[in-house]
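Notes for the structure review
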Amino acid sequence: MKTIYDFNFENKKALIRVDFNVPLNENFEVKDSTRILSAKPTIIKILEDGGSCVLMSHLGRPKGIQEKFSLRHIVDTVEDVIGIEVIFVDNCVGEEVEEAVKKLEPGQIILLENLRFHPEEKEGEINFAKQLSRLGDIYVNDAFGTAHRAHASTTIVAQFFPKLKCFGILLAKEIECINKVMETGEKPITAILGGAKVSSKITIIKNILDKVDHIIIGGGMTFTFIKSQGGHIGNSLVEDDKLELAKEILSKAKAKNVQIHLPVDAVVADAFSNEANTQIVAINEIPNGWMGLDIGPETETKFAEVIANSKTILWNGPLGVFEMETFAKGTKALGNAIAQATKRGAFSLVGGGDSVAAVKQFGFQDKVSYVSTGGGAMLESLEGKTLPGIAAILEE
Ligand code: AMP
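Here the structure is a predicted model, which is why all the values come from computation and not from measurement. (Residues numbered from 1 in each chain as written. Predicted model: local features only at pLDDT ≥ 70, side-chain atom pairs only at ≥ 80, totals over all residues. Heavy atoms only, no water.)

1. Regarding the overall build of the protein chain
When you go through the protein chain residue by residue, the secondary structure sums to 14 helices and 17 strands. Against the compact-globule benchmark of 21 Å for 396 residues, the protein chain has a radius of gyration of 23 Å, which places it among compact chains. In terms of its C-alpha atoms, the protein chain occupies a principal-axis envelope of roughly 70 × 45 × 40 Å. The 396 residues of the protein chain split such that 57% are buried. Counting only contacts in the protein chain whose residues sit at least 6 apart along the sequence, the fraction spanning at least 24 positions is 73%. (Helix = DSSP H or I, 4+ residues; strand = E, 2+ residues; numbered from the N terminus. Rg over C-alpha atoms; globule rule 2.2 N^0.38 Å. Buried < 20%, exposed > 50% of the residue type's maximum accessible area, 1.4 Å probe, protein only. Contact = heavy atoms within 4.5 Å.)

2. Thoughts on the sheet that holds strand E10 (residues 259-261)
In spatial order, the strands read E10-E8-E7-E15-E16-E17; together these six strands make up an open sheet with parallel pairing. Across the chains shown, the open sheet's two edge strands, defined by having one partner strand only, are E10 and strand E17 (370-371). Both strand E8 (residues 214-217) and E10 contribute to a ladder of three bridges, which runs parallel. Bridge assignment links His214 to a residue of E10, and that residue is Gln259. (Pairing = 2+ DSSP bridges.)

3. Some points on unusual backbone geometry
The residue after Lys187, namely Pro188, is reached through a cis peptide bond having omega -5°. Tracing the sequence through the fold places Pro188 in the loop between helix H6 (169-182) and strand E7 (189-193). Although it is not a glycine, Asn11 sits at a positive phi angle of roughly 60°. By secondary structure assignment, the location of Asn11 is in the segment before strand E1 (13-17). A relative accessible area of 58% means that Asn11 is categorised as exposed. For Asn257, which is not a glycine, the phi torsion comes out positive at approximately 65°. Within the element layout of this structure, Asn257 appears in the loop between helix H9 (243-255) and E10.

4. A few points about the sheet that holds strand E2 (residues 52-56)
By way of backbone hydrogen bonds, the strands of a sheet pair with one another, either parallel or antiparallel. One open sheet holds the six strands; their spatial order is E3-E4-E2-E1-E5-E6, and the pairing between them is parallel. Pairing within the sheet leaves two strands with one partner each, and these edge strands are strand E3 (86-89) and strand E6 (165-167). Between one strand and the next, the sheet's axes are offset by a mean angle of 25°, whatever the strand orientation. Sheet analysis places E1 next to strand E5 (residues 138-141), joined by four bridges and oriented parallel. Each residue of the ladder has a partner; that of Ile16, found in E5, is Val140. (Axes fitted to C-alpha atoms, helices over the stretch in contact; angles between N-to-C directions.)

5. Examining a positive patch on the surface
Together, Arg61, Lys63, Lys68, Lys122 and Arg149 line one region of the surface with positive charge. In this structure, Lys63 sits in the loop between E2 and helix H2 (75-82). Here Lys63 falls in the exposed class, since its relative accessible area comes to 73%. (Patch = residues over 30% accessible without salt bridge, like charges linked within 9 Å, V, L, I, M, F, W, Y side chains within 5 Å. Areas by Shrake-Rupley, 256 points an atom, 1.4 Å probe, with all protein chains shown as cover. Salt bridge = Lys/Arg side-chain N within 4 Å of Asp/Glu carboxyl O. Lys, Arg positive; Asp, Glu negative; His and termini not counted. Charge placed at Lys NZ, Arg CZ, Asp CG, Glu CD.)

Okay, structure coming up:
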């Protein structure tokens, strides 16, 4: 696996795919610069070698050229975070861009305009990728957030850099952390899967059955499992067409000696609201008119025990409707248990969709081993898929 440490960038122009798809407020100011900060180590290493950086990214989902999606809005923030001046060009391909890149001196940075102003980017169009390839001597992919897309800048462009392509520091770290759970994880390995639906996590569950020792299930998908075993779930979220699948997963897990831990009690509510009436009941005795929106205290203790005995922990998805204070307790307790296990030496990886939001909301990001920067890319990695952006760098 080639990374930027395998190259000396002296007098070289690095064409770097970064993920600067940052949230903007109504005044087009950057609301959260985490993604820019994440790319900083790669940029700094290249500049310190005596190289220059050509940064390319997408922002949002523009339809053609739309000023509100211009990367011009983030220039000041990139300058603040990286600590040097950024030259902005208002396109990402073409003669003017090539001229600007030609003039680039060692130690300088250019930021190209939004790649998705050209539909060819998402189409993975080869001539567009070829035009991009003229903008650097070495191609660096540091954008985990888009590594599951076979777009021109994330995948197709790599073929124009045989032997001169590599992973940036961020992307290399993401790959290393996923391998630490899925390939080389110290046992016992525990995966915690929460979130809303079984259907969106099914491929992950099937894939990790061969990799982990324990699976903790929480969140909305709990109730499909409980109903499949004959439990009463009241008005809780359920996917009736997935009941057979839930049964099948439980018996497969048994055959593979994987322990599945389901909640034993729940916080139930008489409405999907922070102000609803609540009570704590057994998970399989939820009265009609009530819905399970968080795990109960007995479940918290049971799950914390499993986590305390784990050496490797993967967490994807909240255990309750954590966006509402009334139903956030279970997710918080789980985060605490993971933080304590990490302190004692366990490796913990959090990622995919809403778990990152939960971790940030409760301030756990510095208490776990790693928080992934990729939502969809993380989910696809856990499903066992080889991401096209990663494969393109690994190919000779
Ligand atoms: P996902 O994107 O699949 O990880 O789902 C995350 C969403 O699941 C969050 O917005 C949670 O509010 C929601 N969720 C978690 N637990 C429940 C539950 N018991 N009932 C309904 N939604 C839930």
